[in-house]
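Descriptive analysis of the structure
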Amino acid sequence: MAGVAPAQAAPQSIATGVALAIAGSIAFSGKAIIVKLAYRYPGVDAVSLIMLRMLMALPFFLGLVWWAGYRARKAGAVVVPLTRKDKLGILGLGITGYYLASYLDFAGLAYISASLERLILYLNPTLVVLLGVALYGKKVSLPQAAGMALSYGGVLLVFGHEVSFAGGNAALGAALVLGSAISYALYLSYSGELVQRLGSLRLVGLATSVACVLCIAQFVILRPLDTAFAVAPEVLWLSLLNATACTVVPVMLVMMAIERIGSGLAAQVGMVGPMSTILMGVLLLDEPMNLWVIGGTILVLLGVYVVSTRR
């Protein structure tokens, strides 16, 4: 994606990029809060919630694909036609990066707090490093290993606190969300070639559109059609908010931020995400704010920072 290198960008552009990255991270972190609020209403489960979210987001992601092509043509660039290999790659990325990752995340949120969910998902950079070791034989440096130890220690600290009062349900929820994080790490590990070929905006639009169709098909297979909208009106409004403010808008904000400040700085600014989730959990869900959560969050953020800056 074209953009000004952070070192050469004007201060105003850098400030705008940082603001966009912060806004995108906060908006995306609100997803867990909305899902937890929706679970309070009867007749709601992960299958129905993910279907409603993706059904409402699908038109926006299709529009994103159109916009990527329009912007490329306007700039005089050639829109690369999709080959069979491209289509299979997009299907695989749609399954791992957005369908499976989203479903496992929604399912896990039924059992654990939004704070623990966000900390587990924030382990993503460490999982990408571990996948690099497993898939490509890459080496882990001592600082990376220390950073990962800090991060996983922080998650275990918060997890141990939740297990003390939630029991096996916390273990199940944490396992589901960890599966979500691993699925998304697989997406990141395999998306590099397609990003270079198709561009990030077009690839995100295509992969998320595939995921939307899969989430809708999953509901059609597993649930009666007449129950699709047989939920409280509040759930529909929450799903619309989730699809727009916590799904489509963050994708656009982060993309614009990366154009201005680069992916590295955007990722570091994104560390505000776990903090905003924890704060919203305290204010909107009455989740606890105690030394266990604070200590675990500090360890996770510090560990991920070390891993990200050493990659």
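Structure report, in brief. No experiment lies behind these values; they were computed from the predicted model shown. (Residues numbered from 1 in each chain as written. Predicted model: local features only at pLDDT ≥ 70, side-chain atom pairs only at ≥ 80, totals over all residues. Heavy atoms only, no water.)

Moving on, we get to the overall build of the protein chain. A tally of helices and strands in the protein chain yields 12 helices and 0 strands. Along its sequence from the N terminus, the protein chain presents helices and strands in the succession α-α-α-α-α-α-α-α-α-α-α-α. Here the C-alpha radius of gyration of the protein chain, 19 Å, is about what a compact globule of 311 residues would show, namely 19 Å. Taking the principal axes of the C-alpha coordinates as reference, the protein chain spans close to 60 × 55 × 40 Å. Summed over all atoms, the accessible surface of the protein chain reaches about 14500 Å², with 71% contributed by carbon and sulfur. In the protein chain, 19 positive and 11 negative side-chain charges are present, and the distance between their average locations comes to 14 Å. (Helix = DSSP H or I, 4+ residues; strand = E, 2+ residues; numbered from the N terminus. Rg over C-alpha atoms; globule rule 2.2 N^0.38 Å. Areas by Shrake-Rupley, 256 points an atom, 1.4 Å probe, with all protein chains shown as cover. Lys, Arg positive; Asp, Glu negative; His and termini not counted. Charge placed at Lys NZ, Arg CZ, Asp CG, Glu CD.)

With respect to the helices and strands, Ser189 occurs in helix 7 (residues 168-190). Leaving out residues up to four positions away in the same chain, Ser189 has contacts with Val128, Leu131 and Tyr136. In this structure the side chain of Ser189 is engaged in a polar contact, spanning 2.9 Å, whose partner is the backbone oxygen of Ala185. (Contact = heavy atoms within 4.5 Å. Polar contact = N/O pair within 3.5 Å; in protein donor to acceptor, adjacent residues only side chain to side chain.)

The next subject is helix 11 (residues 272-285). For helix 11, spanning 14 residues, the distance from its first C-alpha to its last is 19 Å, which sits close to the expected 20 Å at 1.5 Å a residue. Residues of helix 11 that are buried include every one of Gly273, Pro274, Ser276, Thr277, Ile278, Gly281 and Leu285, and no others. A positive backbone phi angle near 60 degrees is found at Asp286, which sits one or two residues after helix 11. (Expected span 1.5 Å × (residues − 1). Buried < 20%, exposed > 50% of the residue type's maximum accessible area, 1.4 Å probe, protein only.)

Throughout the structure, instances matching the rule amount to 0 disulfides. The cysteine Cys215 is free of any disulfide, with Cys212 supplying the nearest cysteine sulfur at 6.7 Å. In this structure Cys246 is a free cysteine whose sulfur lies 15 Å from that of Cys212, the closest cysteine sulfur available. According to the relative accessible area criterion, Cys246 is buried, its value standing at 6%. (Disulfide = S-S within 2.5 Å.)

Counting 49 residues, the largest nonpolar core has Leu49, Val204 and Val235 as the members making the most contacts within it. Counting only elements with at least two residues in this core, the list comes to helix 1 (11-38), helix 2 (46-74), helix 3 (84-108), helix 8 (192-198), helix 9 (200-222) and helix 10 (233-269). Among the elements that take part in this core, helix 2 stands out by supplying 12 residues, more than any other. The residues contacting Val204, other than those within four sequence positions of it, are Leu64, Tyr98, Tyr187, Val251 and Met255. (Core = buried A, V, L, I, M, F, W, Y, C linked by side-chain atoms within 4.5 Å.)

The next point concerns the pattern of salt bridges. As enumerated under the stated definition, the model contains 5 salt bridges in all. Close ionic contact of Arg223 with Asp45 constitutes a salt bridge, the shortest N to O distance being 2.4 Å. Separated by 178 residues along the polypeptide, Arg223 in the loop between helix 9 and helix 10 and Asp45 in the loop between helix 1 and helix 2 bring together distant segments of the chain. Taking relative accessible area as the criterion, Arg223 reaches 29% and is therefore assigned partly exposed. On the basis of relative accessibility, which here comes to 24%, the residue Asp45 falls in the partly exposed class. With its nearest N and O atoms 3.6 Å apart, the salt bridge here joins Glu193 to Lys85. Residue Glu193 is located in helix 8, and its partner Lys85 is located in helix 3; the two are separated by 108 residues in the primary sequence. Taking relative accessible area as the criterion, Glu193 reaches 57% and is therefore assigned exposed. By relative accessible area, which is 61% here, Lys85 ends up exposed. (Salt bridge = Lys/Arg side-chain N within 4 Å of Asp/Glu carboxyl O.)

Following the sequence through the fold, Ile26 ends up in helix 1. Using a relative accessible area of 34% as the deciding quantity, one classes Ile26 as partly exposed. Linking Ile26 and Gly160, residues 134 residues apart in sequence, is a C-alpha distance of 26 Å. With residues up to four places along the chain from it excluded, the contact list for Ile26 reads Val272, Ser276 and Met280.

Glancing now at a nonpolar patch on the surface. Nonpolar side chains collect at one region of the surface, where Leu88, Leu91, Ile95 and Leu100 lie side by side and expose about 300 Å² of accessible area between them. Within the fold, Leu88 resides in helix 3. According to the relative accessible area criterion, Leu88 is partly exposed, its value standing at 48%. (Patch = residues over 30% accessible without salt bridge, like charges linked within 9 Å, V, L, I, M, F, W, Y side chains within 5 Å.)

Taken N-terminus to C-terminus, the directions of helix 2 and helix 9 make an angle of 155 degrees; their axes are 7 Å apart at the nearest point. When the axes of helix 2 and helix 9 are compared, the pair comes out roughly antiparallel. Pair helix 2 / helix 9 crosses with left-handed handedness. Residues that form the contact of helix 2 with helix 9 fall into these classes: 21 nonpolar, 5 polar and 2 charged. (Axes fitted to C-alpha atoms, helices over the stretch in contact; angles between N-to-C directions. Parallel < 35°, antiparallel > 145°, perpendicular 65-115°, else oblique. Left-handed = near helix turned anticlockwise from the far one by under 90°. Nonpolar A, V, L, I, M, F, W, Y, C, P; charged D, E, K, R; others polar.)

As a further point, take the packing of aromatic side chains. Going through the model one piece at a time under the given rule, you end up with 6 aromatic pairs. An aromatic cluster of three or more residues is present, and its members are Trp66, Trp67 and Tyr70. (Phe/Tyr/Trp six-rings, centres within 6.5 Å; stacked < 30°, edge-to-face > 60°.)

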